[in-house]
Each structure stands twice: as C-alpha cells, then as structure tokens.
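Working through the structure, step by step
Residues per chain are reported as follows:
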Amino acid sequence: SQTIHQWPATLVQPVGSPLSLECTVEGTSNPNLYWYRQAAGRGLQLLFYSVGIGQISSEVPQNLSASRPQDRQFILSSKKLLLSDSGFYLCAWSVEGAPGGNTIYFGEGSWLTVV
Amino acid sequence: QQQVKQSPQSLIVQKGGISIINCAYENTAFDYFPWYQQFPGKGPALLIAIRPDVSEKKEGRFTISFNKSAKQFSLHIMDSQPGDSATYFCAASGRGTYKYIFGTGTRLKVLA
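Presented here is an overview of the structure given in this document. Remember, it's a predicted structure, so these values are computed and weren't measured experimentally.

1. Remarks on the packing of aromatic side chains
- Going through the model one piece at a time under the given rule, you end up with 22 aromatic pairs over all chains.
- Three or more aromatic residues joined by ring pairs make a cluster, and in this case those are A:Tyr34, A:Tyr36, A:Tyr49, A:Phe106, B:Tyr32, B:Tyr36, B:Phe89, B:Tyr100 and B:Phe102.

If you want it as structure tokens, here you go:
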C-alpha cells in the first residue's frame, strides 16, 4: 500500500532563517506531488505541484520554492523565512488513472511557526 | 469560474441529527467531486467522492447528493456522532488536470 511521510512534524524558526520540509511517498511510482499551506482555521492553499522529476509548477508567488530531486521526494524550501510563512504545510500525492480517480492523499502535515 | 463555494462555515448539530454541508461550482468541466475530513492537527483524509454520472453515493452514514443541472453537491452525515466533529472540505477537479479546487471548509461540531 502507498504511504506518505512528511517531516519534521513541528518546527519553530526565527525570521530570516532557512527552511526545508521534506516529503516522500512509498508504494507507488511517478506520482503527482503537491505542497499545500493551511493558515490556522483556514482553507487549503496550493503552493506547488509536480508531475515529474524536476518539473515544478508554482501557484502563488511567494518566499518559498520546491524541488523534486527524485521521483517520490518533494522538498519545500525557503532561504529566508517571513512571519507570514507560519502555517500548517501539507504534502500530498496522486496517481493518474487510479481506479478511484485522480484522488489526492495528504500527509500528516508540518506545523511551522516563524518567530 | 474556478471557485467552489462551500457553506456553512460552521455547523453545530445534536448527536443523532443530520449534518448537511453544501458546495456549488461553476466550471462544467469538473468531473470529480471528493469530500475530505480533517481533524485538528492532522492532514485531510478522503471521506467519499462522486462523479457526475450518478446523483447520489452512500457510504455508511455519509451520503453525497449531486445535482448536475444546478452545479451543486452536498454531504449528508446521518446519525451524527461527536466523533464526526471535524472540518470538512469539498473539492472539484477536471479531467486531465492535476489540481483540486477546494472549498473553504466547514467546521462541524456534534454535541453529545
């Protein structure tokens, strides 16, 4: 079965510091990968998605970047964090042509607090 | 045209009651409509999904009703339980796209 791992689960970072959140998917190949952000008590904002290694699409201009160095690895980064980068970050995956449709499955999320 | 409008924003239901959450969309190219359930501090989990070729889909206490002509779909939770207290998101996606359009979420609280 497919699983998604996301880490770290929680982190507190000072303003201006770098960020790296990592996500890996197991049990499938060539997944579509996504990074979402959810502000406290708010909806889901798509930040980046990737349909293959090295292919990244950005949805919202911002202080963040994403990379996909391997088929099942997705990394969210920032060189200098802003207070507004605080939130709940969710990695997700989907597979084209799956029997249930192009269903998106989410990881457990990473809480980022920028202080 | 890419929006999915979800209502209500919050909902309080007595135990055993019916919880109803509604979503409306505009893009007729959408052909997949999932609902997600999210508990505090956790990632959203797929609850139930429907395609527009059927008007209703039921899984246990959860039912999606779909009205293609009105471009609306809703989630019904029968015999609501305190354990159903969570935030619910509707979503829509179209064939050949990789992205979901999510509703803004409904925070459900079921009173014991």
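2. Overview of a nonpolar patch on the surface
- On the surface, a cluster of nonpolar side chains totalling about 240 Å² of accessible area is made up of B:Ile18, B:Ile20 and B:Met78.
- Inspection of the secondary structure puts B:Met78 in the loop between strand 8 (72–77) and strand 9 (86–94).

3. Topic: the pairing of strand 7 (residues 65–70) of chain A
- Pairing of strand 7 of chain A with strand 8 (residues 73–78) of chain A, which is carried by four bridges, proceeds in the antiparallel orientation. By the bridge assignment, A:Ser67 is partnered in strand 8 of chain A with A:Ile75.

4. Quick look at the pattern of salt bridges
- Tallying each qualifying case throughout the model produces seven salt bridges over all chains.
- Between A:Glu59 and B:Lys99 there is a salt bridge, with its nearest N and O atoms 3.3 Å apart. Of the two residues, A:Glu59 sits in the loop between strand 6 (55–58) and strand 7 while B:Lys99 sits in the loop between strand 9 and strand 10 (101–102), which places them in two different chains.
- In this structure A:Glu59 comes out as partly exposed when scored by relative accessible area, which is 33%.
- Residue classification places B:Lys99 among the partly exposed residues on the basis of a relative accessible area of 27%.
- With its nearest N and O atoms 3.6 Å apart, the salt bridge here joins B:Lys42 to A:Glu108. Here B:Lys42 is found in the loop between strand 4 (30–38) and strand 5 (45–50), whereas its partner A:Glu108 is found in the loop between strand 10 (105–106) and strand 11 (110–114) on a different chain.
- Residue A:Glu108 is classed as partly exposed on the basis of its relative accessible area, which comes to 45%.

5. A short note on the sheet that holds strand 3 (residues 19–26) of chain A
Residues and elements named next belong to chain A.
- Strand order in this open sheet of four strands is 1-3-8-7, and the pairing throughout is antiparallel. Of all the strands in the sheet, the pair left with one neighbour each is strand 1 (3–7) and strand 7. Averaged over all adjacent pairs, the angle separating strand axes in this sheet is 20°, with direction ignored.
- As paired strands, strand 3 and strand 8 are joined by six bridges and run antiparallel to one another. Residue pairing for strand 8: Thr24 is matched across the bridge by Gln73.

6. Topic: the interface of chain A and chain B
- The interface of chain A with chain B comprises 24 residues on the first partner and 17 residues on the second.
- Buried area between chain A and chain B, both sides added, is near 1600 Å², and the carbon and sulfur share of it is 58%.
- For the interface between chain A and chain B, the tally reads two salt bridges.
- Summed over the shared surface of chain A and chain B, the result is five residue pairs in polar contact (both at pLDDT 80 or more).
- Contributing elements (two or more residues each) for the side of chain A that touches chain B: strand 4 (32–38), strand 5 (45–52) and strand 9 (87–94) of chain A.

7. A short note on the side chain of B:Gln6
Residues and elements named next belong to chain B.
- You can see Gln6 is positioned in strand 1 (residues 4–7).
- Residue class for Gln6 comes out buried when judged on its relative accessible area of 9%.
- Aside from chain neighbours lying at most four places away, what touches Gln6 is Ile21, Asn22, Cys23, Trp35, Tyr88, Phe89, Cys90, Gly103, Thr104, Gly105 and Thr106.

8. Comments concerning the environment of A:Gly41
- Secondary-structure assignment places A:Gly41 in the loop between strand 4 and strand 5.
- Taking the C-alpha atoms as reference points, A:Gly41 and A:Gln13, separated by 28 residues in sequence, lie 21 Å from one another.

9. Notes on the nonpolar core
- Within the largest apolar cluster, 25 residues are counted, with the highest numbers of intra-cluster contacts made by B:Val4, B:Phe33, B:Trp35, B:Phe73, B:Leu75 and B:Tyr88.
- Looking at this core, the elements with two or more residues in it are strand 2 (10–14), strand 3 (19–25), strand 4, strand 5, strand 7 (62–67), strand 8, strand 9 and strand 11 (106–111) of chain B.
- Each residue touching B:Phe33, except ones within four places of it in the same chain, is listed here: B:Tyr25, B:Ile48, B:Ala49, B:Ile50, B:Pro52, B:Ile64, B:Phe66, B:Phe73, B:Ala91 and B:Ala92.
- Listed in part, the 21 residues of the second largest apolar core include A:Ile4, A:Cys23, A:Leu64 and A:Phe74.

10. Here we look at the environment of A:Ser58
Residues and elements named next belong to chain A.
- Inspection of the secondary structure assignment puts Ser58 in strand 6.
- Exposure remark for Ser58: the relative accessible area of 47% places this residue in the partly exposed category.
- Between the alpha carbons of Ser58 and Val15 there is a distance of 23 Å; along the sequence they are 43 residues apart.
- Dropping the residues within four chain positions of it, Ser58 is found in contact with Leu47 and Phe48.

What counts and what doesn't
- Residues numbered from 1 in each chain as written.
- Chains lettered and ligands numbered in written order.
- Predicted model: local features only at pLDDT ≥ 70, side-chain atom pairs only at ≥ 80, totals over all residues.
- Heavy atoms only, no water.
- Phe/Tyr/Trp six-rings, centres within 6.5 Å; stacked < 30°, edge-to-face > 60°.
- Patch = residues over 30% accessible without salt bridge, like charges linked within 9 Å, V, L, I, M, F, W, Y side chains within 5 Å.
- Areas by Shrake-Rupley, 256 points an atom, 1.4 Å probe, with all protein chains shown as cover.
- Salt bridge = Lys/Arg side-chain N within 4 Å of Asp/Glu carboxyl O.
- Helix = DSSP H or I, 4+ residues; strand = E, 2+ residues; numbered from the N terminus.
- Pairing = 2+ DSSP bridges.
- Buried < 20%, exposed > 50% of the residue type's maximum accessible area, 1.4 Å probe, protein only.
- Axes fitted to C-alpha atoms, helices over the stretch in contact; angles between N-to-C directions.
- Contact = heavy atoms within 4.5 Å.
- Buried area = accessible area lost by both parts, 1.4 Å probe.
- Polar contact = N/O pair within 3.5 Å; in protein donor to acceptor, adjacent residues only side chain to side chain.
- Core = buried A, V, L, I, M, F, W, Y, C linked by side-chain atoms within 4.5 Å.

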